[in-house]
Amino acid sequence: MTKETLKEKIIFFIESSRKKSFSMEEIAEGLGFQKSEDFKLLVQTIAQMEREQSIVFTKKGKIKLPLQPILIEGTFRANERGFGFVTIDPEEDDVYIPKEATGYAMDGDTVAIDIVKTADAFSDRGAEGKVVEIRQRATTQIAGEFIAYTEDEMAETDLYGVVIPKDKKMNQFKVYAAAEGVRPVDGSIVLIELTHYPEKSYATSLEGIIKQVIGHKNDPGMDILSIVVANGIPTKFPDDVLSEADAVPDSISDKDLIGRRDLRDQLIVTIDGEDAKDLDDAVTVRKLDNGNYFLGVHIADVSYYVTEGSQLDREAYERGTSVYLTDRVIPMIPQRLSNGICSLNPKVPRLTMSCEMEIDPTGKIISHEIFPSVIQTTERMTYTAVNQILEEQDEETMARYDSLVPMFQAMGELHEILETMRIRRGAISFEDREAKIMVDPEGHPQDILLRSRGVGERLIESFMLAANETVAEHYSRANFPFIYRIHEQPKEEKMQRFFDFASALGILVKGTKGTITPKDLQKVIEDVEEKPESAVINTMLLRSMQQARYSEDNFGHYGLAAEYYTHFTSPIRRYPDLIVHRLIRSYGQDPSESNQTHWENALPDIADHSSKMERRAVETEREVDSMKKAEFMMDKVGEEFDGIISSVVKFGLFIELPNTVEGLIHINELKQDYFHYIENHLALVGERTGLTFKIGQKVRVKVVKADPTERAVDFELVSAEELAPLEAPKGRRKEANRGSSKHSNGRQTDKKKRPKKADSKYGPKKENGKKGKKPFYKGVTKKKKKK
């Protein structure tokens, strides 16, 4: 009998017995081992099993099976200092994973963990665990800059070279390119598909095969493209998708009009920015004889062309949304459709999905219809022109659009009614400044312009909100499976922190943390609107909100104080809107139970995937903006600017300039005193002087560094508005941040105290590898080939 067979017999014997522990003699008797040779083999096998930890000895010397850990699955989030956190449930606190217990998991991996220390509510210490198994790798390919090896190095290592990741969260890894597949030139931006992941003794090493050369690092626009590819956003449409788009006719035929209401004789306009090419919404308004208003919202019927299960549909689903970057748009559907037959271009017939509403003077929608239609817009209007008509009464513009001016005036009236209604019911309105980065033909930033939202922009928003709410309520009341845009009530612990913060500023918030309404929060914003605390209260309240997402369940939209809400109005650029149109058509043609079951099964995945793709797009847009803003500030090093403190963290102050550029004053650069972080005030307070820095405080700063690669700007404090001092904590300097370690965006974090959950967002720092160390992958690829 072999040892392996004997091991199986021993484990089976113990598992099938009522007893939990046995002496050596009891196991021998149970297995029928009578001979001394058999007993000797048993002892040897038991000893080996103990070394392998497949059995353990009790304190009394008896043999038993080890307790199997109860494994919990979650998502691993890496920190640059080696440890991490695992999210098991978004509603629960994350589990801390020490550096030595990560099991070589990478950021985003799905892992199974064993809880080694439970949470302690009294000491505010969270649970601690260890990664037992990596169940799914989140990162399968990496975009980065290729550094070529010499011919000698290549021969020695069987590698083409190394790839320096563009994703800052991957900076700690050295990515080796196997000598097979595409061989790029030095300095190429490439996409490498990973074949080997970190393991013992090589915790920061990866290997892969280069699959695609995206371009060269010196090519115009490659900086943005690198970020796009690093975030996994496709930059080209597959050939089969383009072929399907090419097969769509450029014009509408009589067959396309079957079953549609013909609205081509109505006065309908699009209102967009001057540079918009994908026009997906058109509107009409008129005042009725009974004093009510008629609002028609007509949306491009993209679902008529992008049909369920088609190549176009699969690609649109994967992308989830269009991505709007500084100098380009990465569309969800090919431009032949988005800028062509699907775009509501002026004075040509276009297929639409319409939502017509009758609205009374209080803003209540008293009747509505939702149906497929065909329209022909009267004019392509811009926000600028509508603002000139309604706000400036510009004579030249009003004369040019003389026949449309009465309709625009009615639009202005209806917008005021709808906006007042939203405010009355408690919709929360945050001050939101948008900036447009102007670039030259080479992609270099030349200026940053603030976008002002006039009545033209706001009235279109009001009309789109009305249509979205109406469509959502219609299908919710009909009890059809549907996809909603939801914004859930803030979590109690975040609201409690906001209450504590507002209280510290002397601001009373009505309601309780568990029942506070949007109207209560809107009242807070209104009460501080003219006070110095306005900016800080807005910031803190925004941080207390949950993130809006898509869901097959209707939980309402807290921020809009809306019981029903969906996205119906932008199917050219958002997949959920396309799905809403498809649902409208589907239920109109087949309201059967089997069709409802089909959608009931499909919608949860569509909602979840769309939410993830939206977050990916937002993160990409932010990264590009940060990079271009840092590039814009490069030639301004040494110059001084006025700004305000936009955020206070343990490691310093973030300062926002009037042009929305944000930079850091690190705590090490605050030489005036030794500063403590006061969490409930979000302030840094000097231990000796009481000098206080808080959100919203006016400062003057000097630019000392601007690094597009790090996407970071560093400031030096010149002067600050004087504030009443807060009291610094007494005793040891626990919360101060001297001697700290860098994280990926050039900022610093306190290394004296184990970071809490919020710190886990910071990515890894660069690896300090030993020069001349031979890669551990030498020969790996060749061995695989021999197999």
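From a predicted model like this one, the values you see are computed outputs, not experimental measurements. (Residues numbered from 1 in each chain as written. Predicted model: local features only at pLDDT ≥ 70, side-chain atom pairs only at ≥ 80, totals over all residues. Heavy atoms only, no water.)

Draft legend 1. Representation of the overall build of the chain. When helices and strands are tallied, the chain shows 19 helices and 35 strands. Expressed as lengths along the three principal axes of its C-alpha atoms, the size of the chain is roughly 110 × 75 × 60 Å. For the chain, with 787 residues in total, the buried portion stands at 50%. Working note: accessible area of the chain is about 39200 Å², and carbon and sulfur atoms make up 48% of it. Across the chain, the 113 positively charged side chains and the 131 negatively charged ones have centroids separated by 8 Å. (Helix = DSSP H or I, 4+ residues; strand = E, 2+ residues; numbered from the N terminus. Buried < 20%, exposed > 50% of the residue type's maximum accessible area, 1.4 Å probe, protein only. Areas by Shrake-Rupley, 256 points an atom, 1.4 Å probe, with all protein chains shown as cover. Lys, Arg positive; Asp, Glu negative; His and termini not counted. Charge placed at Lys NZ, Arg CZ, Asp CG, Glu CD.)

Draft legend 2. Quick peek at the pattern of salt bridges. Under the defined criterion, the tally for this structure stands at 35 salt bridges. The partner of R137 in a salt bridge is D109, with the nearest N and O atoms 2.7 Å apart. Pair noted here: R137 is in the loop between β7 (128-136) and β8 (141-148) and D109 is in the loop between β5 (95-97) and β6 (110-117), with a separation of 28 residues, a long-range link. In this structure D109 comes out as buried when scored by relative accessible area, which is 0%. Notably, a salt bridge pairs E488 with R549, separated by 3.1 Å at the nearest N-O pair. Separated by 61 residues along the polypeptide, E488 in the loop between β24 (484-486) and α14 (492-504) and R549 in strand β25 (residues 549-551) bring together distant segments of the chain. A relative accessible area of 28% places R549 in the partly exposed class. Residues participating in the shared-partner salt-bridge network are E73, E133 and R135. (Salt bridge = Lys/Arg side-chain N within 4 Å of Asp/Glu carboxyl O.)

Draft legend 3. Region of the structure containing the pairing of strand β12 (residues 205-216). Both strand β10 (residues 174-178) and β12 contribute to a ladder of four bridges, which runs parallel. By the bridge assignment for β12, K174 is matched with S205. In terms of strand pairing, strand β11 (residues 188-196) meets β12 through eight bridges, oriented antiparallel. Bridging across to β12, I192 finds its partner in I210. (Pairing = 2+ DSSP bridges.)

Draft legend 4. Here's a closer look at the domain arrangement of the chain. According to the domain assignment, the chain contains domain 1 (6-64), domain 2 (71-136), domain 3 (141-219), domain 4 (240-482 + 568-617) and domain 5 (634-720). Put simply, the middle of domain 3 and the middle of domain 4, counted by C-alpha atoms, are 43 Å apart. (Domains from an automatic or database assignment.)

Draft legend 5. Fine view of the packing of aromatic side chains. All chains considered together, the criterion is met by 13 aromatic pairs. A ring pair is formed by F83 and F85, whose centres lie 6.0 Å apart and whose planes are at 90 degrees; its orientation type is edge-to-face. Each member of the pair, F83 together with F85, is buried. Centroid distance F675 to F693: 5.5 Å. Interplanar angle 40 degrees. Geometry classified as tilted. Pair noted here: F675 is in strand β29 (residues 675-678) and F693 is in strand β31 (residues 692-694), with a separation of 18 residues, a long-range link. Per residue, the accessibility class of F675 equals that of F693, and both read buried. (Phe/Tyr/Trp six-rings, centres within 6.5 Å; stacked < 30°, edge-to-face > 60°.)

Draft legend 6. Expanded view of the layout of surface pockets. Here the second largest pocket is characterised by a volume of approximately 920 Å³. Taken together, 33 residues line the second largest pocket, and the ones lying closest to its centre are E145, I164, P165, K166 and T709. Broken down by secondary-structure element, the contributors of at least two residues to the lining of the second largest pocket are β9 (159-165), α5 (222-230) and α18 (593-632). With four residues, the top contributor of residues to the lining of the second largest pocket is α5. (1 Å grid on protein atoms, 1.4 Å probe; cavity = no way out; pocket = protein on both sides within 12 Å on 5 of 7 lines; lining within 4 Å. Points joined across faces, edges and corners; volume = space filled by probe spheres on them.)

Draft legend 7. Seen up close, a negative patch on the surface. Side chains of D89, E92, D93, E492 and E493 sit close together on the surface and give a patch of like negative charge. Its place among the elements puts E492 in helix α14. (Patch = residues over 30% accessible without salt bridge, like charges linked within 9 Å, V, L, I, M, F, W, Y side chains within 5 Å.)

Draft legend 8. Structural context of the environment of S626. Locating S626 in the fold gives a position in helix α18. Of the residues examined, S626 reaches a relative accessible area of 33% and is grouped as partly exposed. Counting along the chain gives 87 residues from S626 to V713, while the straight-line C-alpha distance between them is 9.0 Å.

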